[in-house]
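Structure assessment
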Amino acid sequence: MNTLIAISGLGVFCLIAEIFNLRKLLVPVAVLGLLAILGLTVSEFDYPSSHYNNMIVVNNFSVSFSSLFIVLTIFLVALSGDFYKDHPTKISDFIAIKIFLLAGAVAMVSFGNLSMFFLGIEVLSISLYILAASRRLDLKSNEAGMKYFLMGSFASGFILFGICLVYGATGYFDIAEIHDLSQGIGIPVWYPIGMTLIIIGMLFKIAAAPFHFWAPDVYEGSPSMTTATMSTLAKVVAMATLYKLVNDLGLPADLVPMFQTIIVVISILSMTVGNIMALRQKNVKRMLAFSGISHAGFMVMALLNMPTAGSTLLYYTAAYALAGIASFAVIIYVTKDKGNEDISNFNGLAKTHPLMAAILTASLLSMAGIPIFSGFFAKFILFANTIQTGYLIVVIAAVINSIISVGYYFKLILAMYTKDAVVEEKQSIPFVYPIVAVLAILLNIIIGIWPSLVTNLLS
C-alpha cells in the first residue's frame, strides 16, 4: 500500500512541477523518486500484509512484479526526456501519465478485491488511450488511439460483466471469499461464465490470438514511446494479472481440463499467427507487435502448470520486457526523425553506430531464445515445466515457432550488418539512449547467467 501511495504522490508532484516551471528537473527527480519507491517496495518482501479491508494485499508476488514494473517505468521515464523535448510544455503531462499508469499496474497485481482490480485496469487503460492518441495532428496516432479505445472498452466491458456474474454467483468481491466458494459443491453456473468473460477480457489486453487484431495497427500508429510502453510494461502487467485472477479466484475442479485445453489452443494459435505474420512485415514496430502476440502465446503456456506458473512468468516477463526496452531504445533513436519505422532505416547501423547495433542485435537474440541471454533460459524453464504437465505437443509447437522467429529477427540484424547505410556520416547520440539500452541488456544477461536471482523470488 505504501508503494501505491508513493507512486500516486510522485505523479501529482510531476503535475505540480509544471506550475513552478521545473521542467528541466522533472525527469531526474522522477527517476530518483522511482528509485526510492523501488527501495520501499523491495523492503516489503517477505512481510505479507493487507490494507483497507483486504482491498490491497501485499505479498511476495505483488512485491516482485511491482518491482519489475517500477524498473521498466524508470527506463521509460528516462527515455521520455529526449523523446518529448520538442514538446516542453507537455512533458510533465506525459511523465505524470506514465507514473499514474504505473499506479494502475501496481494495483492490478496487489488487489484483494475485484473492485480494486477493475480500478487498476481502468487507470492503466485510460493512460494508454491518451498516450496512443497524443499526437493530435497525426492521423495514424488518432487512428491508433481510437482503435485502442474501442477495443479496450470492449475488453473492459467483458471484464466488468464477468465481475458482475462472479458477484451474482458468490455474493462477494473479495477474492479470498470467492476462492473458498468456488471450490465448494453447487457453485452456480454464473461463476464459470463470469470467469470466462474475465479471462477473455484479459486475453484482449495481452493481445493473444484470436483477440490480437487490434495490436499491429495500434503499435504502428502510436508514438514510438507509447508503443514501447504497450509492448513491455502493459503486456507484462496484463499477463501477471491474468495469472493472479486464475490462481486466486480458482476454477471448479471439473472445469480445469477444459480450461487447460483452451489454453493449449490459444497458446499454439498465438505463437503461430504472430510468427507467420511477423515474417511479412517491413515496419519494425508492426513486426514487434506480431512478435509480442507470439510471446503472449509463450506466456499463456505457463498457465498449464499453475504450481510453477508464478515464478516462470516472473522470469519470462522480466527477460522479455528488458529485451524490449533495449530494442526500443535503439529503435526510437534510429527512427525519431525519419517519419517511418521501416527496416531500411537500420541499413548499415553497425558501421555508423556499432554500439547501438550490437545492443539491438543482443535484444533480438534474447527474444529469439538464443543463449546466453535470459530469453533462452526463460523458454527452457517454460518448456521443462510444460513437459511435466504432459502437454508435449505445445512444447513441440513452441520450439518450431522459436525457429520461425529467428527468420524475422535476423532480417533486421542482416540489414544492420550487411547493407549499406543511406547516410554514412555519424550523428551524435543523446546519452540517454545508449545508457538505457546498455543497462537493460546487461540486466537481461545477468538474469540469464543467474536465473535463480528471479526464479527463487516466488519459489
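Numbering of residues starts from 1 in each chain and follows the order in which that chain's sequence is written. Reporting in this predicted model follows two pLDDT cut-offs: at least 70 for local features of residues, and 80 or more for side-chain atom pairs to be given and counted; totals over whole chains, interfaces and linings ignore these cut-offs and use all residues. Side-chain measures were taken over the full set of non-hydrogen atoms in the model, leaving aside hydrogen atoms and water.

Turning next to the overall build of the chain. Numbering of helices and strands runs from the N terminus, with a helix taken as a DSSP run of H or I at least four residues long and a strand as a DSSP run of E at least two residues long. When helices and strands are tallied, the chain shows 19 helices and 2 strands. All radius of gyration figures rest on C-alpha atoms, and the globule criterion is 2.2 Å times the number of residues raised to 0.38. For 459 residues, the compact-globule estimate of 2.2 N^0.38 gives 23 Å, and the chain sits close to it at 21 Å. Seen along its three principal axes, the alpha-carbon backbone of the chain occupies a region of about 70 × 55 × 40 Å. Counting over 459 residues, the chain shows a buried share of 59%. A fraction of 80% describes how many contacts in the chain between residues 6 or more apart in sequence connect residues 24 or more apart. Per-residue and other accessible areas were derived by the Shrake-Rupley procedure at a 1.4 Å probe size, with only the shown protein chains allowed to occlude residues. Element-wise, carbon and sulfur atoms account for 70% of the exposed surface of the chain, whose accessible area totals about 17800 Å². Taken together, the 23 basic and 22 acidic charged side chains of the chain have centroids lying 10 Å from each other. For every residue, the accessible area (1.4 Å probe, protein chains only) is compared with the maximum for its type, and the residue is labelled buried under 20%, exposed over 50%, or partly exposed between those bounds. Note on contacts: a residue pair is in contact if any heavy atoms of the two residues lie within 4.5 Å. Positive charges come from Lys and Arg, negative ones from Asp and Glu, while His and the chain ends are left out of the count. Just so you know, the charge point we use is NZ for Lys, CZ for Arg, CG for Asp and CD for Glu.

A few words now on the side chain of Asn-345. Checked against the element boundaries, Asn-345 lands in the loop between helix H13 (306-335) and helix H14 (349-352). The residues contacting Asn-345, other than those within four sequence positions of it, are Val-334, Thr-335, Lys-338 and Asn-340.

Our focus in this paragraph is the pattern of salt bridges. Between Lys or Arg on one side and Asp or Glu on the other, a salt bridge is scored when a side-chain nitrogen of the former is within 4 Å of a carboxyl oxygen of the latter. The full count for this structure, using the stated rule, is 9 salt bridges. Measuring nitrogen to oxygen at the nearest pair gives 3.6 Å for the salt bridge that ties Glu-220 to Lys-140. Here the residue Glu-220 occupies a position in helix H9 (residues 215-221), and Lys-140 occupies one in helix H6 (residues 139-170), the gap between them amounting to 80 residues. Residue Lys-140 is classed as partly exposed on the basis of its relative accessible area, which comes to 46%.

Moving on, we get to the nonpolar core. By size, the foremost hydrophobic cluster in this structure holds 170 residues, and its most contacted members are Phe-69 and Leu-114. The dominant element in this core, judged by the number of residues it contributes, is H13, at 20 residues. The residues contacting Phe-69, other than those within four sequence positions of it, are Leu-102, Ala-105, Val-106, Val-109, Leu-233, Val-236, Val-237 and Ala-240. Here, nonpolar core means buried Ala, Val, Leu, Ile, Met, Phe, Trp, Tyr and Cys residues that are tied together by side-chain atoms lying within 4.5 Å of each other.

Expected helix span is given by 1.5 Å per residue-to-residue step, counting one fewer step than there are residues. With 32 residues, H6 ought to run about 46 Å at 1.5 Å a step, and its terminal C-alpha atoms sit 46 Å apart, in line with that. At the exit of H6 stands Gly-171, carrying a positive phi of roughly 80°.

Take a nonpolar patch on the surface next. Each patch is built from residues that are more than 30% exposed by relative accessible area and take part in no salt bridge. Like charges join if they lie within 9 Å; nonpolar side chains (Val, Leu, Ile, Met, Phe, Trp, Tyr) join within 5 Å. A cluster of nonpolar side chains, namely Val-12, Phe-13, Ile-16, Ile-19, Phe-20, Leu-22, Leu-25 and Val-29, defines an oily patch on the protein surface of about 710 Å² accessible area. Elements represented by at least two residues in the nonpolar patch include exactly helix H1 (2-19) and helix H2 (23-42). The greatest single-element share of the nonpolar patch, amounting to 4 residues, is contributed by H1. For Phe-13, the position within the fold is in helix H1. In this structure Phe-13 comes out as partly exposed when scored by relative accessible area, which is 33%.

Before going further, it helps to examine the packing of aromatic side chains. Here a pair means two rings of Phe, Tyr or Trp (six-membered ring of Trp) with centres within 6.5 Å. Their orientation is stacked below 30 degrees between planes, edge-to-face above 60, and tilted elsewhere. On inspection of all chains with the given rule, the structure shows 20 aromatic pairs. Where Phe-61 meets Phe-65, the ring centres are 4.9 Å apart and the plane angle is 50°; that geometry is what we call tilted. Within this pair, Phe-61 and its partner Phe-65 are both found in helix H3 (residues 60-83), separated by 4 residues, close to a single helical turn. This pair shows no difference in class: Phe-61 is buried, exactly as Phe-65 is. Centroid distance Phe-204 to Phe-211: 5.1 Å. Interplanar angle 45°. Geometry classified as tilted. Per residue, the accessibility class of Phe-204 equals that of Phe-211, and both read buried. In textbook terms, an aromatic cluster arises when at least three aromatic residues are bridged by ring pairs, as seen for Tyr-129, Tyr-148, Phe-149, Trp-214 and Tyr-219. Looking at Lys-244, its charged tip hangs above the ring of Phe-111, at a distance of 5.0 Å from the centre. Charge-over-ring contacts are defined here by two conditions on Lys NZ or Arg CZ: a distance within 6 Å of the ring centre and an angle within 35 degrees of the ring normal. Positioned above the aromatic ring of Phe-298 is the side chain of Lys-379, whose terminal nitrogen or guanidinium carbon lies 4.6 Å from the ring centre.

Function-wise, these values are silent; they only describe arrangement.
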